[in-house]
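Structural description and commentary
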Amino acid sequence: MKNSVSIFLCLLCMIAVSAFGQTPQMRTQKVRDFISGEEIFLYEAYRIPGKHGWYIKQHSPQACRLYKSWYDDYQEKYKALQQQLLQRYVKESNKVKKNKHSARFAPKCSVWGCKKSPVFSEFGLVEVRERDGKRDCRHYECAEMERLRIKDAEIRYKMGITHDFCQDVFESMEKEKQEEGLSVSIRDRDTGQEVLVQDETASPVQATRKTKESVEDAQKNLQRFSYKYRKELQQIRRVFAESGREDVALLSPQQQDIYAQFQQHRDALLLEQ
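To keep things clear, this report deals only with the structure shown in the data block. This structure is a prediction, so every number in the text was calculated from the model and none was measured. (Residues numbered from 1 in each chain as written. Predicted model: local features only at pLDDT ≥ 70, side-chain atom pairs only at ≥ 80, totals over all residues. Heavy atoms only, no water.)

Here's the deal with the pairing of strand β5 (residues 126-131)
Selection criterion: We treat two strands as partners when DSSP finds at least two bridges between them. Secondary structure is summarised from DSSP: a helix means a run of H or I of at least four residues, a strand means a run of E of at least two, and numbering begins at the N terminus for each.
Summarising the sheet, β5 and strand β6 (residues 134-139) pair through six bridges and their orientation is antiparallel. Note on β6: the bridge partner recorded for Glu 127 is Arg 138. Count of turn residues in the β5/β6 antiparallel hairpin: two residues, of which Asp 132 carries a positive phi of about 55 degrees.

Set out below in structure tokens:
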């Protein structure tokens, strides 16, 4: 309940700033929607962070399309945090079962939805802060999930949209995605048929020799690369194992480059087999 109140108060503050912070220039100046090209007033425009002069009209299908990219990323991060928190809860509950006194003296998480859950630092990151003269302790996952919820509500407010308003746009985007996937599948199938027709013109002995040599070359390339970067690949696998998911965003730029090359060698081998 307190979490909902905090989000509501945050939105009220933004409404006040929006209502009283408009200048005469904002009420008359026009900018261009970067997706539709339509001219819109500055006061009804949402400025895209990090992009100079990029605006989009509030409460519009374009705003829904832009929000969808954030929302997909938001859901992915939120679900990952939920999974991490679930794993942590299992460890913490096992400790409480073994030693009930530990829960009595452990600090309690202050985030709504996680409130009153004991916080044990040995099972993950802990966020501690001073609040109203008191020590406020929270699971890192709970605190991060709360920040994501507030950020999501803030973005929707600034764009002037709701999930209900954007529902038709989301369904349309999903349909476009499915149609695009179908087109790619058809194109790949047609390309595969062309390759089969070309292979039929070659003799069976030549085709077999070519396939065998290609597979051996691909295997050698993958083995050489894996041996050369064995330490880096071990570290990458360790990062994925600790996080519980294969997310390239967790890697450093150098690790991302090595991992991309490794995938290329592996995919080349799979294609030849």
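Let's talk about the environment of Lys 116
Filter applied, for reference: Each residue is assigned to one of three classes by its accessible area relative to the maximum for its type, calculated with a 1.4 Å probe on protein chains only: buried under 20%, partly exposed between the two thresholds, exposed over 50%. Contact criterion: two residues are considered in contact whenever any of their non-hydrogen atoms come within 4.5 Å of each other.
For Lys 116, the location among the structural elements is in the loop between α4 (100-105) and β5. By relative accessible area, which is 67% here, Lys 116 ends up exposed. Remark: the alpha-carbon pair of Lys 116 and Arg 138, spanning 22 residues in sequence, is separated by 9.9 Å. Residue contacts for Lys 116: discarding those within four places in its chain leaves Lys 108 and Cys 109.

A few points about a nonpolar patch on the surface
How we decide: The patch calculation keeps residues exceeding 30% relative accessible area without a salt bridge and links them within 9 Å when they carry like charges or within 5 Å when they are nonpolar (Val, Leu, Ile, Met, Phe, Trp, Tyr). We get accessible surface area from the Shrake-Rupley algorithm with a probe of 1.4 Å; when it comes to residues, only the shown protein chains can shield them. Any Lys or Arg side-chain nitrogen found within 4 Å of a carboxyl oxygen on Asp or Glu counts as a salt bridge.
The grouping of Phe 34, Ile 35 and Trp 54 at the surface amounts to a nonpolar patch, some 270 Å² of accessible area in total. Judged by relative accessible area, which is 37%, Trp 54 ranks as partly exposed.

Description of the nonpolar core
As a reminder, the rule being used: Nonpolar cores were defined as sets of buried Ala, Val, Leu, Ile, Met, Phe, Trp, Tyr and Cys residues, with membership established by side-chain atoms within 4.5 Å.
Counting residues in hydrophobic clusters, the biggest one holds 25 residues, and the most contacted among them are Tyr 67, Trp 70, Met 159 and Ile 161. Elements represented by at least two residues in this core include exactly α3 (61-98), α5 (140-159) and α6 (163-200). No other element matches α3, which puts nine residues into this core. The residues contacting Tyr 67, other than those within four sequence positions of it, are Asp 152, Ile 155, Arg 156, Met 159, Ile 161, His 163 and Phe 170.

Section: the packing of aromatic side chains
This is how the line gets drawn: What counts as a ring pair is set by centres within 6.5 Å for rings of Phe, Tyr and Trp (its six-membered ring), and what kind of pair is set by the plane angle: stacked under 30 degrees, edge-to-face over 60, tilted for all other angles.
Under the defined criterion, the tally for this structure stands at 10 aromatic pairs. For the ring pair Trp 70 and Tyr 74, a centre distance of 5.8 Å and an interplane angle of 25 degrees mean the geometry is stacked. Taken together, the residues span about one helical turn, with Trp 70 and Tyr 74 both in helix α3 at a distance of four residues. Residue classification places Tyr 74 among the buried positions, given a relative accessible area of 11%. On the numbers, 6.2 Å between centres and 80 degrees between planes, the contact of Phe 120 with Phe 123 is edge-to-face. Given the relative accessible area of 5%, Phe 120 is considered buried.

As for the environment of Ser 117
Inspection of the secondary structure assignment puts Ser 117 in the loop between α4 and β5. C-alpha of Ser 117 to C-alpha of Ala 103: the two residues are 14 residues apart in sequence and 8.6 Å apart in space. Setting aside residues up to four positions removed in sequence, Ser 117 forms contacts with Tyr 89, Pro 107, Lys 108, Cys 109 and His 139.

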